[in-house]
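Listed below, chain by chain, are the residues.
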Amino acid sequence: MTETIAFIGGGNMAASLIGGLVASGHKPGAIAVVDTDRAKAEALRRQYGISNANSATEAVRDAQVVVLAVKPQVLQAAVHGLSLPSGSAVISIAAGIRIDSLRRWLGPQVQIVRSMPNTPALYRAGMSGLYAPPETQAGAREAAQYVLGAVGETCWVETEPMLDALTAVSGSGPAYVFQLCEMMCNAGIALGLPADTARQLATHTVAGAARMLSDSDEDAAALRLQVTSKGGTTAAAIESLENGGVRKLYNAALECAARRAAELGDELDRS
Ligand SMILES: NC(=O)c1ccc[n+]([C@@H]2O[C@H](COP(=O)([O-])OP(=O)(O)OC[C@H]3O[C@@H](n4cnc5c(N)ncnc54)[C@H](OP(=O)(O)O)[C@@H]3O)[C@@H](O)[C@H]2O)c1
């Protein structure tokens, strides 16, 4: 894609996306950023050679694709008074801001895609969900796929509420994995290991298992069965987890996350 991409907001996620785009060959001169914190936009200009605009209007002037990368609470103010030409592709990564609100604020002429990336995008190992309403044309969908694809894997969902379920799995997901690592480490300490040894073991076990998952054709259940011999140590631990209701707990936890995502969306809709 050669179109000019404007970023409104130049914080953590925008910096990851810009870094990913430049690394994948997008011309730095075809990327513009505006941030109320001038120092952030200037740092991005120096690091990647992109353009640094003084206002959102200036940033989007030559852009065919606009990425909304400010916090949800300030998005409406950030796009206030912005006039985007018909057919502009707008990709919002702001959690919880619904398509209807975006259309109300930007006008019916723009082609909107909503995305929910996750934190590993900072390492270009992200998992981003994407949703576009039926009226969004192929060009805008391709642009969103291109921008989010620069920081990892992408997947499309068919309905907007599915983004709440996706948020529960992949948006909040890295925290569950960090918690798992933390619990394995603490359990190792309780078994008598020195803290730094337990931490090293847990961290590299989680990282190694994640690598097996991403590199293998087998799914998680199959990999788990492969390393669980009948009557062995792993089987004893897995049985204990199953008896303790770990699956029920996860179902309930992700239900809470999805419900919270929907509630936050409602709150932002009303604000
Ligand atoms: N980080 C993640 O892992 C993640 C995951 C999924 C979705 N998201 C979404 O991505 C969006 C950005 O998140 P982030 O972590 O990158 O946030 P961030 O680091 O706070 O970046 C947002 C930037 O936008 C600037 N800003 C505020 N108002 C502005 C305006 N009117 N015009 C231009 N720039 C403005 C902020 O400046 P100030 O600091 O001076 O206010 C800040 O530099 C959020 O909507 C979030 O929901 C993030």
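Residues numbered from 1 in each chain as written. Predicted model: local features only at pLDDT ≥ 70, side-chain atom pairs only at ≥ 80, totals over all residues. Heavy atoms only, no water.

- The name an unreviewed UniProt entry gives the protein is Pyrroline-5-carboxylate reductase, with Banduia mediterranea as the organism.
- Taken directly from UniProt, the Sequence similarities (unreviewed entry) text for the protein runs: "Belongs to the pyrroline-5-carboxylate reductase family." (UniProt positions renumbered as here; feature names shortened; annotations may be inferred.)

**A closer look at the overall build of the protein**
- The helix and strand inventory of the protein stands at twelve helices and eight strands.
- When the backbone C-alpha atoms are referred to their principal axes, the protein occupies close to 65 × 40 × 35 Å.
- A buried classification covers 40% of the 271 residues belonging to the protein.
- Look at the contacts in the protein between residues 6 or more apart in sequence, and 59% of them connect residues 24 or more apart.
- Summed over all atoms, the accessible surface of the protein reaches about 15000 Å², with 56% contributed by carbon and sulfur.
- When the 22 basic and 26 acidic side-chain charges of the protein are each reduced to a single mean position, those positions are 4 Å apart. (Helix = DSSP H or I, 4+ residues; strand = E, 2+ residues; numbered from the N terminus. Buried < 20%, exposed > 50% of the residue type's maximum accessible area, 1.4 Å probe, protein only. Contact = heavy atoms within 4.5 Å. Areas by Shrake-Rupley, 256 points an atom, 1.4 Å probe, with all protein chains shown as cover. Lys, Arg positive; Asp, Glu negative; His and termini not counted. Charge placed at Lys NZ, Arg CZ, Asp CG, Glu CD.)

**Here's the deal with the site of the ligand**
- Taken together, 21 residues sit near the ligand, with Asn12, Met13, Asp35, Lys40 and Val70 positioned nearest.
- A distance of 2.7 Å separates an oxygen atom of the ligand from a polar side-chain atom of Asp35.
- Side-chain polar atom of Thr36 to a nitrogen atom of the ligand: 3.4 Å apart, as the coordinates give it.
- When the free accessible area of the ligand is taken as 890 Å², the share hidden by the protein chains comes to 77%.
- Those elements that place two or more of their residues in the shell around the ligand are helix H1 (12-23) and helix H4 (72-79).
- The element contributing the most residues to the shell around the ligand is H4, with three residues. (Near = heavy atom within 4 Å. Polar contact = N/O pair within 3.5 Å; in protein donor to acceptor, adjacent residues only side chain to side chain.)

**Notes on the layout of surface pockets**
- Put simply, the second largest pocket is a space of about 1100 Å³.
- Forming the boundary of the second largest pocket are 41 residues, of which Val70, Lys71, Pro72, Ile93 and Ala94 lie nearest the centre.
- Among the elements of the structure, H1, helix H2 (38-48), H4, strand S6 (111-116), helix H7 (162-171) and helix H12 (246-270) are those that each provide at least two residues to the lining of the second largest pocket.
- With six residues, H12 is the single largest residue contributor to the lining of the second largest pocket.
- Of the residues assigned to the lining of the second largest pocket, the class counts are 20 nonpolar, 13 polar and eight charged. (1 Å grid on protein atoms, 1.4 Å probe; cavity = no way out; pocket = protein on both sides within 12 Å on 5 of 7 lines; lining within 4 Å. Points joined across faces, edges and corners; volume = space filled by probe spheres on them. Nonpolar A, V, L, I, M, F, W, Y, C, P; charged D, E, K, R; others polar.)

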